[in-house]
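Okay, here's what each chain looks like letter by letter:
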Amino acid sequence: MTATFEDAVRVYLPGRRDPKIVCLGGGHGMSTMLRGLKRYTRNITAIVTVADDGGGSGALREDLGMPPPGDIRNCILALANTEPTMERLLNYRFQEGTLSGQSFGNLFLAAMNGISETFDEAVHRMGDVLAITGRVLPVTNQSVHLEAAFDNGARVLGESKIAVYKKQEDCRIDHVRLLPERPEALEESLEAIREADMIVMGPGSLYTSVIPNLLVAGVPDAIADSRACRVLVMNIMTQEGETEGYTGVEHIRALLRHAGRDVVDVCVANGAPVPTEISAAYRAEDAEPVELCREEIERMGIRVYCYPLLARGQNARHDSDALARALMAVLGEYAVR
């Protein structure tokens, strides 16, 4: 069905129980969603992948032996309740010298890690300083790397190298895995999943942001055993270097194959057309709007809800508030079934 937003969806009110929502992913897609959700509930737990090894995060990971801070920093800032100057400061990137390209927010989290016993403690402390709505958790405290196996038999180790190889060799990703395999999840993350009213996976890079969370020991089992409404937010566009040519069905099949269990009840997708001029720009980078194939998805036992989720602008991205309203509407319907 192409759904309309429920009138009952409102910003949270004193005295009303806020639903417990757990979000799994990483990257800009997740932080966009969190910015919208914090207007509707204070019970948000963002569980974030820590397999990144590129850019400023990769440099700190190599220099300090800490998990990559970038995706976690973005999620903390999305949930933060700070003055604009503080947000600008934490987003500031140095322009020259040995710190060129590095984010001050990454350095802030690295300093917190230096005075904390564990990385998740450092993340908690940064969240406290910025008075965030909800909480942000690394999916694991262990140092992990992402490896992709391709349909040509090759294997590539390192999240930042996967897209480069795929584009060069014009092949498909068969599957990904973490090294070491099945790292230990934070018990706090598993507890949040068990207590959730809604579990949301995506939006974001399928193989490098969403699926890595499902490769951590205990996470897919906790999701599969949960009585929560389990949602996949479908990406609006395919992604260069990861999912060129993928339909919505192929996104879901890849997710379920890696999870090893049934972890999706609902697919939330964009129902608004992507403007021609935006689609043309993406096609130049081998990306295009995801063809949903909703009948095939529904034959898998997954309910599909389409909403107008496209943000205004030059990029095909989700609108924060529209996506949050869509998720709250789905949760409201699911709760009364």
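See the structure above.
Residues numbered from 1 in each chain as written. Predicted model: local features only at pLDDT ≥ 70, side-chain atom pairs only at ≥ 80, totals over all residues. Heavy atoms only, no water.

A separate point is the overall build of the protein. Scanning the protein for helices and strands turns up 14 helices and ten strands. In terms of C-alpha radius of gyration, the protein reaches 19 Å, essentially the compact-globule figure of 20 Å for 337 residues. By principal-axis analysis of the C-alpha atoms, the protein measures approximately 55 × 50 × 40 Å. Counting over 337 residues, the protein shows a buried share of 55%. For the protein, the accessible surface area stands at approximately 15000 Å², while carbon and sulfur atoms represent 47% of it. (Helix = DSSP H or I, 4+ residues; strand = E, 2+ residues; numbered from the N terminus. Rg over C-alpha atoms; globule rule 2.2 N^0.38 Å. Buried < 20%, exposed > 50% of the residue type's maximum accessible area, 1.4 Å probe, protein only. Areas by Shrake-Rupley, 256 points an atom, 1.4 Å probe, with all protein chains shown as cover.)

In this section: the packing of helix 1 (residues 27-37) against helix 3 (residues 70-79). Contact geometry of helix 1 with helix 3 gives a least axis separation of 8 Å together with a crossing angle of 15°. The orientation of helix 1 with respect to helix 3, classified from their angle, is roughly parallel. Our pair here, helix 1 against helix 3, has a crossing hand that is right-handed. For the pair formed by helix 1 and helix 3, the contact residues are Gly27, His28, Met30, Ser31, Leu34 and Arg35 on the first element and Asp71, Asn74, Cys75, Ala78 and Leu79 on the second. Of the residues belonging to the contact of helix 1 with helix 3, the class tally is five nonpolar, four polar and two charged. (Axes fitted to C-alpha atoms, helices over the stretch in contact; angles between N-to-C directions. Parallel < 35°, antiparallel > 145°, perpendicular 65-115°, else oblique. Left-handed = near helix turned anticlockwise from the far one by under 90°. Contact = heavy atoms within 4.5 Å. Nonpolar A, V, L, I, M, F, W, Y, C, P; charged D, E, K, R; others polar.)

Moving on: the pattern of salt bridges. Pairing is possible between side chains that carry opposite charge, provided their charged atoms lie close to one another. Using the criterion set out here, one finds 19 salt bridges in the structure. In this structure, Asp174 and Arg257 form a salt bridge, with 3.2 Å as the shortest nitrogen-oxygen distance. With Asp174 in strand 6 (residues 173-179) and Arg257 in helix 11 (residues 248-259), this residue pair connects regions lying 83 residues apart in the sequence. By relative accessible area, which is 31% here, Asp174 ends up partly exposed. A salt bridge links Arg261 to Asp221; the nearest nitrogen and oxygen atoms lie 3.4 Å apart. Of this pair, Arg261 sits in the loop between helix 11 and strand 9 (266-270) while Asp221 is found in helix 10 (residues 219-225), placing the two residues 40 residues apart along the sequence. The exposure class assigned to Arg261 is partly exposed, which follows from its relative accessible area of 35%. Each member of the salt-bridge network shares a partner with another, and the members are Glu147, Arg155, Arg177 and Glu181. (Salt bridge = Lys/Arg side-chain N within 4 Å of Asp/Glu carboxyl O.)

Glancing now at the pairing of strand 8 (residues 229-233). When you tally the buried positions in strand 8, you get five out of five residues, the bulk of the element. The side-chain alternation of strand 8 yields two buried faces, one formed by Cys229, Val231 and Val233 and the other by Arg230 and Leu232. When strand 7 (residues 198-201) meets strand 8, the two strands line up parallel, connected through four bridges. By the bridge assignment, Val200 is partnered in strand 8 with Val231. Note: strand 8 against strand 9, three bridges, orientation parallel. Looking across to strand 9, one finds that Val233 is bridged to Val268. Handedness of the crossover joining strand 8 and strand 9 through helix 11 is recorded here as right-handed. (Pairing = 2+ DSSP bridges. Right-handed = clockwise from strand over helix to strand, strands pointing away.)

Secondary-structure assignment places Arg230 in strand 8. Put simply, Arg230 and Val200 are 30 residues apart on the chain and 6.1 Å apart in space, counted from C-alpha to C-alpha. Each residue touching Arg230, except ones within four places of it in the same chain, is listed here: Ile199, Ile223, Ala224, Asp262, Val263, Val264, Asp265 and Val266. At 3.1 Å, the side chain of Arg230 forms a polar contact with the backbone oxygen of Ala224. (Polar contact = N/O pair within 3.5 Å; in protein donor to acceptor, adjacent residues only side chain to side chain.)

Here we come to the packing of aromatic side chains. Throughout the structure, instances matching the rule amount to four aromatic pairs. Here the aromatic rings of Phe150 and Tyr165 are separated by 4.8 Å at their centres, their planes lie at 50°, and the arrangement is tilted. Taken as a pair, Phe150 in strand 4 (residues 145-150) and Tyr165 in helix 7 (residues 159-169) lie far apart in primary sequence, 15 residues in all. (Phe/Tyr/Trp six-rings, centres within 6.5 Å; stacked < 30°, edge-to-face > 60°.)

This part is about the sheet that holds strand 9. Here we have seven strands laid out as an open sheet, ordered 3-2-1-7-8-9-10, and parallel in their pairing. The open sheet terminates on both sides in strands that have one partner only, identified here as strand 3 (135-138) and strand 10 (303-307). Ignoring which end each strand starts from, the neighbouring axes of this sheet average 20° apart. This element, helix 1, spans strand 1 (21-25), strand 2 (44-48), strand 7 and strand 8 of the sheet and lies at about 165° to strand 1.

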